[in-house]
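# Geometric and topological summary
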Amino acid sequence: MISTPLDIAENGQFHIQTRQAVLAARHSSKLVGLVVIDFDGSEPAFPGSATQSNDAREGAFALVANSLRDSDALCRITGTETAVLLSSLGNSKDARLVVEKILQKIEQPLSLEGHTVNLKPQCGVALFPHHATSAVTLLECAYSALNAARRNKERYVLFSKEFGSSRRPPLRLSELRQAIVEDQLFLLYQPKIDLRNNRIIGLEVLTRWRHPDYGLIMPDEFIPLAERTGLIVPLTLWVLKHAILQCRSWLDRGINLNTAVNLSMWNLETPELPEQIAGLLGIANVPASQLELEITESAIMDDPQRAMRTLKAIRELGVRFTIDDFGTGYSSLSHLKKLPVSSIKIDKSFTQNMECDNDSAVIVRAIIDLGHNLGLKVVAEGVETIETKDLLTKFECDEAQGYYFARPVTAADITRLMGKSNKSSETHAKAEQDPPLLALENARFIPIGPKPHI
Ligand code: C2E
Ligand code: CA
Ligand code: CA
């Protein structure tokens, strides 16, 4: 993947519209254009406050929306990046004209409460079928073009095949270190659903990196670097801090959702971790029962005795553990029995195949029974279809998570979904600054969680 944008598939409705436009274009002589706009572009620093910068981007978003035809579509990707789908273009000149029109509108000085803001947006443009073969590769090409615009300090760049081979250089340790210090990381939250009543029961925190030059980078690319270099320790603390602050903000609004943070092997080798978690929970006044930690079997098995000491100390605080990616590691059942964990999460490689592959269905059923016999709750991840959900319900799986219910979304989306979307309080405004994605518009679960206990 080039420069790894937020997966287009994480923006449900927009993704469907892009696919439909691509399908229609296959049978016509029309082109589909995808434009990724970075509103902050070449000048990320605003003269005003964070609220003013958000207002400016909102204003620009509205201007773009107003300049589109009915058949076009618009989707926020991150706080500053927006994708525009131009569903039926005659030729590449048309694409350039539309982009010029959009840029001219949003480059006009914006007046905000007596303050004038000049946005310096940048765009990347790609066309189907000239540059890409599918909706997903079309977005990758548009991002690649945006990266070229950033590198060359241009207002917009149309994708060129030669960008395809110039993938971005490997991520550097110093860049990731800077990302943690400068808050370039941000968190998305994916709902976990109680299969007995279809209610949202908790969230998994998934980290993203908004790189100043390359745009959005997914965790599969930077977590391994963090793990190789030990940076995973400060990175996890950053994630824990922001997730716990977000929990506080939700509790203040009467929203009570367990929040699960992923830990790596290195974290279990850090003797200070229990104390650090206790400190963060204490400062935010969040009950330990609100926090869950996900840890893979292999991370525990690397040094089971040391892992056990850390796990026990954290468990004593009241924080619960889930074994992640269950079924993929070399699970020693005798160890599993001794671990202070309260649930296991079946790896998505099993759930994703269970409808059509009887072996996977048998494994899933066996894991559910095993978990229950050990007194553990069983969660299934990677649930993408109603058939998988129905089968899991039949097998009496307790909880599920996956694109079928909801994709990972921003904290603001969760707040909105839970129907308590008050204005952000001053203290927690930072945690909520990302604007909502469109992905929860058709969420397939009931947005009612357990009653708050604080
Ligand atoms: P994971 O813990 O197994 O997280 C689940 C991954 O599956 C997420 O990918 C999520 O977006 C994706 N997913 C959720 N539902 C579905 C579905 O229905 N179908 C499919 N195909 N995928 C689904 P993501 O966000 O790219 O995260 C990848 C991995 O990166 C995570 O896997 C986790 O191991 C790691 N990671 C993410 N954030 C952190 C973090 O803050 N700390 C650590 N240590 N690891 C993290
Ligand atoms: Ca996980
Ligand atoms: Ca997993």
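Further up the page is the structure itself.
What you see is a predicted model, and the numbers here were worked out from it, not measured in a lab. Position numbers for residues count from 1 along each chain, tracking the sequence in the order it is written. Each chain takes a letter, starting from A, and each ligand takes a number, starting from 1, following the order in which they are written. Note on the predicted model: pLDDT of at least 70 is required for a residue's local features to be given, and 80 or more for side-chain atom pairs to be given and counted; whole-chain, interface and lining totals, by contrast, use all residues. The side-chain figures draw on all heavy atoms in the structure; neither hydrogens nor water molecules are used.

## Focus on unusual backbone geometry
Put simply, the rule is: Secondary structure elements follow DSSP: runs of H or I of four or more residues count as helices, runs of E of two or more count as strands, with numbering from the N terminus. Each residue is placed in one exposure class: buried if its accessible area under a 1.4 Å probe, protein chains only, is under 20% of its type's maximum, exposed if it is over 50%, and partly exposed if it falls in between.
The omega angle of the peptide bond from F128 to P129 is 5°, so this bond is cis rather than trans. As for its placement among the helices and strands, P129 is situated in the loop between β6 (122–128) and α4 (135–152). Phi at N198 is positive, roughly 65°, even though this residue is not glycine. Within the secondary structure, N198 is located in the loop between β8 (185–194) and β9 (199–211). For N285, which is not a glycine, the phi torsion comes out positive at approximately 55°. For N285, a relative accessible area of 48% gives the class partly exposed.

## Some details on the layout of surface pockets
Put simply, the rule is: Note on definitions: the grid is 1 Å and covers protein atoms alone; a cavity is a set of points where a 1.4 Å probe fits but cannot get out; a pocket is an open set with protein on both sides within 12 Å along at least five of seven lines; lining residues have an atom within 4 Å of a point. Grid points are joined across faces, edges and corners, and a volume is the space filled by probe spheres set on the points.
Looking at the largest pocket, its volume works out to about 1100 Å³. Considering the residues around the largest pocket, the lining is formed by 43 residues, among which E204, L206, P219, D220 and K348 are closest to the centre. Put simply, the parts of the chain that give the lining of the largest pocket at least two residues each are β9, α7 (219–229), α8 (232–252), β11 (258–262), α9 (265–268), β12 (291–296) and β13 (320–326). Top element by residues in the lining of the largest pocket is α7. It accounts for six residues.

## Thoughts on the pattern of salt bridges
Short version of the rule: A pairing counts as a salt bridge when a side-chain nitrogen of Lys or Arg comes within 4 Å of a carboxyl oxygen of Asp or Glu.
Under the definition given, this model contains 18 salt bridges. Here E81 ties to R210 by a salt bridge, and the two come within 3.5 Å at their closest N and O atoms. Separated by 129 residues along the polypeptide, E81 in strand β3 (residues 81–89) and R210 in strand β9 bring together distant segments of the chain. Between E294 and K345 there is a salt bridge whose closest N-O contact spans 2.9 Å. Of this pair, E294 sits in strand β12 while K345 is found in strand β14 (residues 343–346), placing the two residues 51 residues apart along the sequence. Counted as one network, the salt bridges with shared partners bring together K192, E204, E292, E294, R320 and K345.

## Side note on the nonpolar core
Keep this limit in mind: Among buried residues, the Ala, Val, Leu, Ile, Met, Phe, Trp, Tyr and Cys ones that are joined through side-chain atoms within 4.5 Å form a nonpolar core.
Counting residues in hydrophobic clusters, the biggest one holds 82 residues, and the most contacted among them are L176, L235, I277, L291, L293 and L392. In terms of residue count, the dominant contributor to this core is α8 (ten residues).

## Section: the coordination of the calcium ion (ligand 3)
In an ideal tetrahedron of four donors about a metal, each angle is 109.5 degrees. In an ideal octahedron of six donors, the angles are 90 or 180 degrees. Where we set the bar: For Na, K and Ca the donor cutoff is 3.2 Å, while for all other metals N, O and S atoms must lie within 2.8 Å; water is not among the atoms, so some sites may look incomplete.
Protein-derived ligands of the calcium ion (ligand 3) are D324 (OD), D325 (OD), E381 (OE) and E381 (OE), with the metal-ligand distances lying across 2.2 to 2.6 Å. Within one chain, the residues donating to the calcium ion (ligand 3) are spaced in sequence as D-D-x55-E. The two metals, the calcium ion (ligand 3) and the calcium ion (ligand 2), are separated by 4.0 Å and share D324 as a common coordinating residue. Judged by relative accessible area, which is 7%, D324 ranks as buried. A relative accessible area of 24% means that D325 is categorised as partly exposed.

## So, the coordination of the calcium ion (ligand 2)
Taken together, the protein donors to the calcium ion (ligand 2) comprise E204 (OE), N262 (OD1), E294 (OE) and D324 (OD), at separations of 2.2 to 2.4 Å. Sequence spacing among the residues donating to the calcium ion (ligand 2) works out to E-x57-N-x31-E-x29-D.

## Examining the site of ligand 1
Heads up, the condition is: For each residue, the test is whether any non-hydrogen atom lies within 4 Å of the molecule or strand; if one does, the residue is near. Definition of a polar contact: a pair of N or O atoms within 3.5 Å, with one able to donate and the other able to accept a hydrogen when the atoms are protein atoms, and with sequence-neighbouring residues admitted only if both atoms are side-chain atoms. Just a note on the criterion: a molecule sits in a pocket or cavity if more than half of its atoms are within 2 Å of the grid points.
Around ligand 1, 23 residues are found, and the nearest of them are T207, R208, Q352, E384 and Y403. Within the contact set of ligand 1, a nitrogen atom lies 2.9 Å away from a side-chain nitrogen or oxygen of Q352. Structurally, ligand 1 is housed in the largest pocket. Of all the secondary-structure elements, those providing two or more residues to the shell around ligand 1 are β9, α7, α8 and β13. Counting residues per element, the shell around ligand 1 draws most heavily on β9, at four residues.

## Re the packing of helix α10 (residues 273–284) against helix α12 (residues 304–317)
Heads up, the rule is: Only C-alpha atoms enter the line fits that serve as axes; for helices the fit covers just the stretch in contact. Angles between N-to-C directions range over 0 to 180 degrees. An angle below 35 degrees is read as roughly parallel, one above 145 as roughly antiparallel, one from 65 to 115 as roughly perpendicular, and any other as oblique. Note: crossing handedness is left-handed where the near helix turns anticlockwise from the far helix by less than a right angle, and right-handed where it turns clockwise. Contact criterion: two residues are considered in contact whenever any of their non-hydrogen atoms come within 4.5 Å of each other. Under this grouping Gly is polar, as are all residues other than the nonpolar Ala, Val, Leu, Ile, Met, Phe, Trp, Tyr, Cys and Pro and the charged Asp, Glu, Lys and Arg.
Orientation of α10 relative to α12, taken along the N-to-C sense of each, is 20°, at an axis distance of 9 Å. Considering their axes alone, α10 and α12 lie roughly parallel with respect to each other. For the crossing formed where α10 meets α12, the hand is right-handed. Residue-level contacts link L273, P274, I277 and A278 of α10 to T310, A313, I314 and L317 of α12. Per-class residue counts for the contact of α10 with α12 are seven nonpolar, one polar and no charged.

## Let's talk about the side chain of T207
Checked against the element boundaries, T207 lands in strand β9. A residue is classified by how much of its surface remains accessible, and T207, at 8% relative accessible area, is buried. Residues contacting T207, with those up to four places away along its chain left out, are L185, F186, L187, P219, F222 and V239.

## Let's talk about α8
We apply this condition: Helices are assigned an expected span. That span is 1.5 Å times one less than the residue count.
Given a rise of 1.5 Å per residue, 21 residues ought to cover 30 Å, and the 30 Å separating the end C-alpha atoms of α8 matches this to within 8%. Extensive coverage of α8 is indicated by the burial of 15 of its 21 residues. Phi turns positive, to about 80°, at G254, one or two residues after α8.

## Observations regarding the packing of aromatic side chains
Using the following cut-off: Ring pairs shown here join Phe, Tyr and Trp side chains whose ring centres sit within 6.5 Å, with only the six-membered ring taken for Trp; geometry is labelled stacked below 30 degrees between planes, edge-to-face above 60, and tilted in between. Criterion for a charge above a ring: Lys NZ or Arg CZ within 6 Å of the ring centre, and within 35 degrees of the ring normal.
Scanning the entire structure with this criterion turns up three aromatic pairs. Look at Y189 and W250: their rings are 5.1 Å apart centre to centre, the planes differ by 75°, and that puts the pair in the edge-to-face class. Here the residue Y189 occupies a position in strand β8, and W250 occupies one in helix α8, the gap between them amounting to 61 residues. Take W250: its relative accessible area is 1%, and that puts it in the buried class. It is R76 that lies over the ring of F61; its NZ or CZ is 3.9 Å from the centre. Sitting over the ring of Y403, R407 keeps its end group 4.2 Å from the ring centre.

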